[in-house]
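As a plain string of letters, each chain reads:
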Amino acid sequence: MAFEVGEEREVALLLSFLECRPFILEGRNQYQYIGDQILPARSALEFIRTDMAAPFRTALDEFDSFIKANAEKFNDFFAYEHARTISDTALEDWVWGDDGKTPAVPETHWWWKPLDVAAQQVGGQ
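On a predicted model such as this, the values are computed, not experimentally measured, just so you know.

Q: What exactly am I supposed to notice about helix 1 (residues 8–17) here?
A: At 3.6 residues per turn, the α-helix brings residues three or four places apart onto the same side. Those residues of helix 1 that sit buried are Val 11, Leu 14, Leu 15 and Phe 17. Projected onto a plane normal to the axis of helix 1, the buried residues spread over an arc of 150° and lie on a single side. In helix 1, the exposed positions angled more than 90 degrees off the buried face are occupied by Glu 8 and Arg 9. If you follow the buried residues of helix 1, they end up packed against helix 3 (34–47) and helix 4 (54–69).

Here it is, written out as structure tokens:
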């Protein structure tokens, strides 16, 4: 099945959410709405990864490397998202299939769960 997130400007907007790395390092001392956007954006982009140009795929890989290198900060920042049950509607309005339906978050989207900090320190996942 093919997936869609919108036109080129929507893809650029989703990629811009992944540039919010300083927020992750600073933590959510105050409620920050940008945090609500990062995981759905990352998942939406994963659905269209194979259709993206190489520099955009590189941006996804760089974000993944960043969060793995900062696993403890990542877990702290996304504690709420990691604690709640992922519903079939978590990606609603973010991505849709060619059938018009929003996919559920797949198990392969590992960023929706806390990272094993010890494993990341020795280079694993």
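After that view, the rundown keeps rolling.
Q: What should I look at first to understand helix 3 in this one?
A: Taking 1.5 Å of rise per residue, the 14 residues of helix 3 would be expected to cover 20 Å, and the 21 Å separating its terminal C-alpha atoms lies within 8% of that figure. The element helix 3 is largely enclosed, with a buried count of 10 among its 14 residues. Three or more residues of helix 3 are buried, namely Gly 35, Ile 38, Leu 39, Pro 40, Ala 41, Arg 42, Ser 43, Ala 44, Leu 45 and Phe 47. For helix 3, the elements touching its buried residues are strand 1 (3–4), helix 1, helix 2 (21–26), helix 4, helix 5 (71–77) and helix 6 (79–83).

Q: Honestly, the nonpolar core in this entry has me stumped. Any pointers?
A: When a protein is soluble and globular, its nonpolar side chains tend to lie buried together. Membership of the largest hydrophobic core comes to 34 residues, with the highest contact counts inside it found for Leu 14, Leu 15, Ile 24, Ile 38, Leu 45 and Ile 67. Listing elements by their share of this core, those giving two or more residues are helix 1, helix 3, helix 4 and helix 5. Each residue touching Leu 14, except ones within four places of it in the same chain, is listed here: Val 5, Ala 41, Ala 44, Leu 45 and Trp 94.

Q: Help me understand the side chain of Asp 64, please; the structure alone is not making it clear to me.
A: Tracing the backbone through its elements, the reader meets Asp 64 in helix 4. Taking the relative accessible area as the measure of exposure, Asp 64 reaches 10% and is therefore buried. Polar side-chain contacts of Asp 64 include one of 2.8 Å to the side chain of Arg 42. If we ignore the near neighbours within four places in the chain, the residues touching Asp 64 are Arg 42, Arg 49 and Trp 110.

About the criteria used
- Residues numbered from 1 in each chain as written.
- Predicted model: local features only at pLDDT ≥ 70, side-chain atom pairs only at ≥ 80, totals over all residues.
- Heavy atoms only, no water.
- Buried < 20%, exposed > 50% of the residue type's maximum accessible area, 1.4 Å probe, protein only.
- Helix = DSSP H or I, 4+ residues; strand = E, 2+ residues; numbered from the N terminus.
- Arc of directions from axis to C-beta.
- Contact = heavy atoms within 4.5 Å.
- Expected span 1.5 Å × (residues − 1).
- Core = buried A, V, L, I, M, F, W, Y, C linked by side-chain atoms within 4.5 Å.
- Polar contact = N/O pair within 3.5 Å; in protein donor to acceptor, adjacent residues only side chain to side chain.

Note that every value here comes from positions in space, so none of it alone points to a role or purpose.
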